[in-house]
Number of protein chains: 2
Amino acid sequence: MTQSHGSAAPFAQPALHARRLGLHTQHQPVVVMRTDCHVCRAEGLSARSQVLVSAGGRQVQATLFQVEGGTMLGIDDAGLSETAWTALGVQEGEEVRVTHAPAIESLANVRRRIYGNRLDARALTDIVRDVTAGRYTDVHLAAFLTASAALPLDEAETADLTAAMVGVGDRLGWDAPIVVDKHCIGGLPGNRTTPIVVAIVAANGLLMPKTSSRAITSPAGTADTMETLAPVDLDVVALKRVVEVEGGCIAWGGAVHLSPADDIFVRVERELDVDTEGQLIASVLSKKISAGSTHVVIDIPVGSTAKVRSEEAADGLAARMRAVGSRFGLDVTCIRTDGSQPVGRGIGPALEALDVLAVLQNAPGAPEDLRRRAAMLAGAALEIGSKAERGTGAALALETLRNGRAWAKFAAICEAQGGLRTPPKAAMVHALVSPRAGRVVHINNRKLARLAKLAGAPDTKAAGIHMEIRLGDEIDRGQPYLHVHAETSGELAYALDYAGSAGDIIEVES
Amino acid sequence: MTQSHGSAAPFAQPALHARRLGLHTQHQPVVVMRTDCHVCRAEGLSARSQVLVSAGGRQVQATLFQVEGGTMLGIDDAGLSETAWTALGVQEGEEVRVTHAPAIESLANVRRRIYGNRLDARALTDIVRDVTAGRYTDVHLAAFLTASAALPLDEAETADLTAAMVGVGDRLGWDAPIVVDKHCIGGLPGNRTTPIVVAIVAANGLLMPKTSSRAITSPAGTADTMETLAPVDLDVVALKRVVEVEGGCIAWGGAVHLSPADDIFVRVERELDVDTEGQLIASVLSKKISAGSTHVVIDIPVGSTAKVRSEEAADGLAARMRAVGSRFGLDVTCIRTDGSQPVGRGIGPALEALDVLAVLQNAPGAPEDLRRRAAMLAGAALEIGSKAERGTGAALALETLRNGRAWAKFAAICEAQGGLRTPPKAAMVHALVSPRAGRVVHINNRKLARLAKLAGAPDTKAAGIHMEIRLGDEIDRGQPYLHVHAETSGELAYALDYAGSAGDIIEVES
């Protein structure tokens, strides 16, 4: 037994050698070491410990897995997953050090929040900083998000969370008095107005630097859809160049790092399939503020199976959006829209992109509901930017579509983002047919979204649903009411299993 | 494009070959496959998907990681972590199939609970069944536990959760009219009365089949401590044999599978460092009911830094424990005890075991507080079992210690469990000294627990703290008030970093 007094002597840890495992873990940094590795023994590290991996001044917190013997790793190797490898920027064999991850002080705030205490700006800032640094495990992230859903964030917390999320990201600045943005609250499959709105607004000379998210709980986010038409992984420099030349862009927000904390929250919200109002507002507004917007038009679809289910709920959400926005000098205009059925025909990235193209290109049979809705939202932006008199914005927007200027602008934006693409088509298409004749009286948006996701959307771009009917249509027995598009027989079978057991996706009254 | 109608054609998936990776992931089943594997492509599986791995009628749900190229795996190999390997019981190279994990219907209940809706018995049974089957990810588990903390489980939910947890585990039956058990609510470092209580009670002819947990948020659970004295991983058959011969045992509950769902919840509660009343009651009572107990004595330490902080809180907890217990015919006796400071001298598995041995062996300097507290709890059990008149149980318990019958019984139990062991000693011992002279007026149990954990307890058995003072003691400047015991310099440094930054662990008034 050794006995020491005073402070602990500094201890020199022998170095380990970085090994690239080529391991894909979807954003989870993982390090694999031998169970008999001297560092594991000296540090008392066991499997699934959170560890800090350091190399040349860079650090990443990772989950430790251990391997017993074998040839995968030497005794002094630290095998790194792709996420960890990229974060450290090391070379094969380079020296790395692995220690216990430091205690996460901000978790005390999460625990306080679980027990019903409100958090102040300082506490939320500390949480968001640790989340962005990758220090929170899935358990910690899920606890924070669940606590903010069980006892909803109040207005002050929502504003503080918004500010904290803005604080950890990059921020864009524009040399224009008005920078207008748009956003849709979601929950309505196929509601893919953004590419059309950006094209119309930019064609009329307003600045609209639009960043969009990938899907959270839906079969496609705007970034997923847009990616089938042009590259969306623009960094800040590329995004600024596109907007300076074309007046608008449709980029993926995650690549711009406007709200890196949000990208982490979104992954867990997707796994939970939970999307709460406070997080929603902070997520939307933090990105608009970071993008340098002065005004934002927000589409709130209302319907019994949409995300917002009543006009009262929509008005409450709008009021809270406006209140939080005003704290940051962001002018928020909310527009309630019909959320009773999908917009357009396609649900899923590529299928929605085809609808967008049809509207922009004035193709015969282009979905009229998508055209009208995009024109209404673009019209509001044109009026805000004084490009149209009050009450005439939608008409100007429709004219911009009709005369081809919106399509020309969209094609130019796609070229500036890296080149216009043709959306992929699925290998397999399967019809779901009506068991009876009659009139379509109800469409369940939630079941449609689930079905499209099981078919592979949004990860499989071509997967999803093509709707063959709308509310009020007459349908015959045996007539297809939708087609499921899938890339693989496994995914198709998975979706059809669900369709067979989910009850009515549409309701038909004879 | 192929067009199919009617139900999807059954699709034959090519088989994969099981490879044992020797990968330790602490209970998380992991399967590693090549990104270019045909099954990943056919099924549309991506990294971190939840998948179902099947072989010869057995199944396990696992997290998928993918590896790009390399020599670790062939293109048709499925590399399995130790947990997955054991669950499937396969041989090297044996055929396995990997598909999407089925949708988890019970998550809808979790989401409803997050949004403040109470759950009924059916909903909780479905959740517990899916949890026990390993279908919940860390995100799902954390969400359920957080939701049950944010809006605490009510009595009906607590009883239903208890019943659900009993339902998925094994259950013991005993051929005796009274089977008495004991439990401590915890939160008080070093409060290791259980081995002493079992020895006293069994020595007096009562049946006490004690199963204990490993630490949740503390530096040692009874199972961790007992393991330094004898094997505790007894299966149901071994446990029954020990109890039938000796009248008592001190076994690890997890190995007996009395409440497998609890073992899963406990791991996540530990990571969250959150331990809520409803979960606590369900956890404790489900194991007592499954163990076939008719009566249980519950020790509730009360103190400003213990888990229960006021007499009112203790009484409320006791009332809810009794109410839920009575629904299952379990008689619950709660005893409030002093929770203002640690019990005994040691904190950490081996250091607490040394205190237990000292009391049982009547060693000079054996901690008197531990002796008295164990005798009080054992006395209550002896009175319940009619081995002592009301008010004379504690005296009988002390006499059973004094005359050596408790020690003889304890040694016999240890031998029956697989052999009495000597607790290990730590390689490094470091003194923390008082910065001033005076009287010890406060001891922070929470900081002590944190310090002991950072030193390596409970995973490192010899690690922890040896207390050198008690409340009211006089201490000199520079005199050690505790010693930190650690096995590695890394862990010692980690603990001392904390001690240097945590503020007062003890308060001394001059």
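For the structure given in this document, a descriptive report is provided here.

1. Description of the packing of aromatic side chains
Residue and element names in this part refer to chain B.
For step 1, the next point in the chain: Applying the stated criterion to the full structure yields five aromatic pairs over all chains.
For step 2, the next point in the chain: Both rings, one in phenylalanine 144 and one in phenylalanine 265, keep their centres 5.7 Å apart while their planes meet at 35°; by these two values the pair is tilted. Here phenylalanine 144, found in helix 5 (residues 138-150), pairs with phenylalanine 265, found in helix 11 (residues 260-272); they are 121 residues apart in sequence, far enough to count as distant.
For step 3, the next point in the chain: Residue phenylalanine 144 is classed as buried on the basis of its relative accessible area, which comes to 1%.
For step 4, the next point in the chain: Note on phenylalanine 265: relative accessible area 0%, which makes it buried.
For step 5, the next point in the chain: Taking the ring centre of tryptophan 252 as reference, the NZ or CZ of arginine 214 above it sits at 4.4 Å.
For step 6, the next point in the chain: Looking at lysine 240, its charged tip hangs above the ring of tryptophan 174, at a distance of 4.8 Å from the centre.

2. Looking at the nonpolar core
For step 1, the next point in the chain: Phe144 of chain A together with Phe144 of chain B are the most contacted members of the largest nonpolar core, which totals 58 residues.
For step 2, the next point in the chain: Leave out the neighbours within four places in its chain, and phenylalanine 144 of chain B touches Val110, Leu119, Leu124, Ile127, Leu161, Phe265 and Gln279 of chain B.

3. As for the relation of the copies chain B and chain A
For step 1, the next point in the chain: Superposing chain B onto chain A requires a rotation of 180° together with a translation of 0.0 Å along the rotation axis, leaving an RMSD of 0.0 Å. What the rotation and shift describe, once combined, is the action of a two-fold rotation axis.
For step 2, the next point in the chain: When you check the interface residues of chain B against chain A, 100% turn up at the interface there too, and the contact is symmetric in its surfaces.

4. Digging into the environment of valine 302 of chain A
Residues and elements named next belong to chain A.
For step 1, the next point in the chain: For valine 302, the position within the fold is in strand 11 (residues 295-302).
For step 2, the next point in the chain: By relative accessible area, valine 302 is classed as buried at 14%.
For step 3, the next point in the chain: When the C-alpha atoms of valine 302 and alanine 314 are compared, they prove to be 7.0 Å apart, with twelve residues separating the residues in sequence.
For step 4, the next point in the chain: Excluding anything up to four places from it in sequence, valine 302 contacts Val308, Arg309, Ser310, Glu311, Ala314, Arg336, Thr337, Asp338, Gly339 and Ser340.

5. Focus on the pattern of salt bridges
Residues and elements named next belong to chain A.
For step 1, the next point in the chain: Tallied over the full model, the rule gives 57 salt bridges over all chains.
For step 2, the next point in the chain: Here lysine 288 and aspartate 181 are joined by a salt bridge, their closest N and O atoms 3.6 Å apart. Linking lysine 288 in helix 12 (residues 277-290) with aspartate 181 in strand 8 (residues 180-184), this pair joins segments that are 107 residues apart in sequence.
For step 3, the next point in the chain: Given the relative accessible area of 0%, aspartate 181 is considered buried.
For step 4, the next point in the chain: Residues arginine 371 and glutamate 368 are paired through a salt bridge, measuring 3.0 Å at the closest nitrogen-oxygen approach. Taken as a pair, arginine 371 and glutamate 368 lie in helix 15 (residues 368-384) at a separation of three residues, close to a single helical turn.
For step 5, the next point in the chain: Residue classification places arginine 371 among the buried residues on the basis of a relative accessible area of 16%.

6. Quick notes on the sheet that holds strand 15 (residues 438-443) of chain A
All names here are of chain A.
For step 1, the next point in the chain: Taken together, the three strands give an open sheet; going across it, the order is 17-15-19, and neighbouring strands pair in antiparallel fashion. The sheet terminates laterally at strand 17 (474-475) and strand 19 (506-509), the two strands that pair on one side only.
For step 2, the next point in the chain: Across two bridges, the pairing between strand 15 and strand 17 is antiparallel. Considered in strand 17, the bridge of glycine 438 is made with isoleucine 475.

7. A closer look at the packing of helix 7 (residues 194-203) of chain B against helix 17 (residues 405-417) of chain B
Residue and element names in this part refer to chain B.
For step 1, the next point in the chain: Remark: helix 7 packs on helix 17, axes separated minimally by 8 Å, with the N-to-C direction vectors making an angle of 105°. The angle between helix 7 and helix 17 places the two elements in the roughly perpendicular class. Within the contact between the two elements, helix 7 uses Pro195, Val198, Ala199, Ile200, Ala202 and Ala203 and helix 17 uses Arg405, Ala406, Lys409, Phe410 and Ile413.
For step 2, the next point in the chain: Looking at the contact of helix 7 with helix 17 residue by residue, the class counts come to nine nonpolar, no polar and two charged.

8. A short note on the interface of chain B and chain A
For step 1, the next point in the chain: Contacts between the two partners involve 74 residues from chain B, matched on the other side by 74 residues from chain A.
For step 2, the next point in the chain: Buried area between chain B and chain A, both sides added, is near 6100 Å², and the carbon and sulfur share of it is 58%.
For step 3, the next point in the chain: Contact with chain A buries area across many residues of chain B, yet His24, Arg48 and Val139 of chain B alone supply 11% of it, more than any other trio.
For step 4, the next point in the chain: In this structure, aspartate 138 of chain B engages arginine 48 of chain A in a salt bridge whose closest nitrogen and oxygen atoms are separated by 3.0 Å.
For step 5, the next point in the chain: Scanning the region where chain B abuts chain A turns up 18 residue pairs in polar contact (both at pLDDT 80 or more).
For step 6, the next point in the chain: Here the side of chain B that touches chain A takes nine residues from helix 5 of chain B, the largest share from any one element.
For step 7, the next point in the chain: In terms of residue class, the side of chain B that touches chain A is made up of 34 nonpolar, 26 polar and 14 charged.

9. Description of the sheet that holds strand 11 (residues 295-302) of chain B
Residues and elements named next belong to chain B.
For step 1, the next point in the chain: A sheet is described by the order of its strands in space; here three strands give the open sequence 8-11-12, paired in parallel fashion. The two strands at the open ends of the sheet, each matched to only one other strand, are strand 8 (180-184) and strand 12 (331-338). Sheet twist, expressed as the mean angle between neighbouring strand axes with direction ignored, is 20°.
For step 2, the next point in the chain: As paired elements, strand 8 and strand 11 share five bridges and run parallel to each other. Residue pairing for strand 11: valine 180 is matched across the bridge by histidine 295.
For step 3, the next point in the chain: The sheet contacts of helix 12 (residues 277-290) involve strand 8, strand 11 and strand 12, and relative to strand 8 the element is tilted by about 160°.
For step 4, the next point in the chain: Against the sheet, helix 13 (residues 311-327) engages strand 11 and strand 12, with an angle of about 165° to strand 12.

10. Things to note about the environment of valine 245 of chain B
All names here are of chain B.
For step 1, the next point in the chain: Turning to its location among the elements, valine 245 is positioned in helix 9 (residues 236-246).
For step 2, the next point in the chain: According to the relative accessible area criterion, valine 245 is exposed, its value standing at 58%.
For step 3, the next point in the chain: Spatially, the C-alpha atoms of valine 245 and alanine 412 are 9.5 Å apart, while their sequence positions differ by 167 residues.

11. Some remarks on the environment of leucine 234 of chain A
Residue and element names in this part refer to chain A.
For step 1, the next point in the chain: Checked against the element boundaries, leucine 234 lands in the loop between helix 8 (222-226) and helix 9 (236-246).
For step 2, the next point in the chain: A relative accessible area of 5% means that leucine 234 is categorised as buried.
For step 3, the next point in the chain: Separated by 20 residues in the primary sequence, leucine 234 and glycine 254 have C-alpha atoms spaced 9.2 Å apart.
For step 4, the next point in the chain: Not counting residues up to four positions away in its chain, the partners in contact with leucine 234 are Leu239, Val242, Ala251, Ala255, Val256 and Gln417.

12. Considering the packing of helix 7 (residues 194-203) of chain A against helix 15 of chain A
All names here are of chain A.
For step 1, the next point in the chain: In the contact formed by helix 7 and helix 15, the axes pass within 9 Å of each other and the chain directions differ by 45°. With respect to helix 15, the element helix 7 is oriented oblique. As for how helix 7 packs across helix 15, the hand of that crossing is right-handed. Contacts between helix 7 and helix 15 involve Ile196, Val197, Ile200 and Val201 from the former and Leu370, Ala374, Leu377, Ala378, Ala381 and Leu382 from the latter.
For step 2, the next point in the chain: Of the residues contributing to the contact of helix 7 with helix 15, the split by class is ten nonpolar, no polar and no charged.

13. Examining helix 6 (residues 155-167) of chain B
Residue and element names in this part refer to chain B.
For step 1, the next point in the chain: End to end, helix 6 covers 18 Å across 13 residues, agreeing with the expected 18 Å (1.5 Å per residue, within 8%).
For step 2, the next point in the chain: For helix 6, the complete set of buried residues consists of Glu157, Thr158, Ala159, Leu161, Thr162, Ala164, Met165 and Val166.
For step 3, the next point in the chain: Among the structural elements, helix 3 (107-114), helix 4 (121-132), helix 5, helix 11, helix 12 and helix 13 are those in contact with the buried residues of helix 6.
For step 4, the next point in the chain: Between the side-chain oxygen of the N-cap and the backbone nitrogen of alanine 156 there are 3.2 Å, and the N-cap of helix 6 in question is aspartate 154.

Rules and cut-offs
- Residues numbered from 1 in each chain as written.
- Chains lettered and ligands numbered in written order.
- Predicted model: local features only at pLDDT ≥ 70, side-chain atom pairs only at ≥ 80, totals over all residues.
- Heavy atoms only, no water.
- Phe/Tyr/Trp six-rings, centres within 6.5 Å; stacked < 30°, edge-to-face > 60°.
- Helix = DSSP H or I, 4+ residues; strand = E, 2+ residues; numbered from the N terminus.
- Buried < 20%, exposed > 50% of the residue type's maximum accessible area, 1.4 Å probe, protein only.
- Lys NZ or Arg CZ within 6 Å of the ring centre and 35° of its normal.
- Core = buried A, V, L, I, M, F, W, Y, C linked by side-chain atoms within 4.5 Å.
- Contact = heavy atoms within 4.5 Å.
- Least-squares fit on C-alpha atoms with pLDDT ≥ 70 in both.
- Salt bridge = Lys/Arg side-chain N within 4 Å of Asp/Glu carboxyl O.
- Pairing = 2+ DSSP bridges.
- Axes fitted to C-alpha atoms, helices over the stretch in contact; angles between N-to-C directions.
- Parallel < 35°, antiparallel > 145°, perpendicular 65-115°, else oblique.
- Nonpolar A, V, L, I, M, F, W, Y, C, P; charged D, E, K, R; others polar.
- Buried area = accessible area lost by both parts, 1.4 Å probe.
- Polar contact = N/O pair within 3.5 Å; in protein donor to acceptor, adjacent residues only side chain to side chain.
- Left-handed = near helix turned anticlockwise from the far one by under 90°.
- Expected span 1.5 Å × (residues − 1).

No statement about biological role is implied by the geometric values presented.
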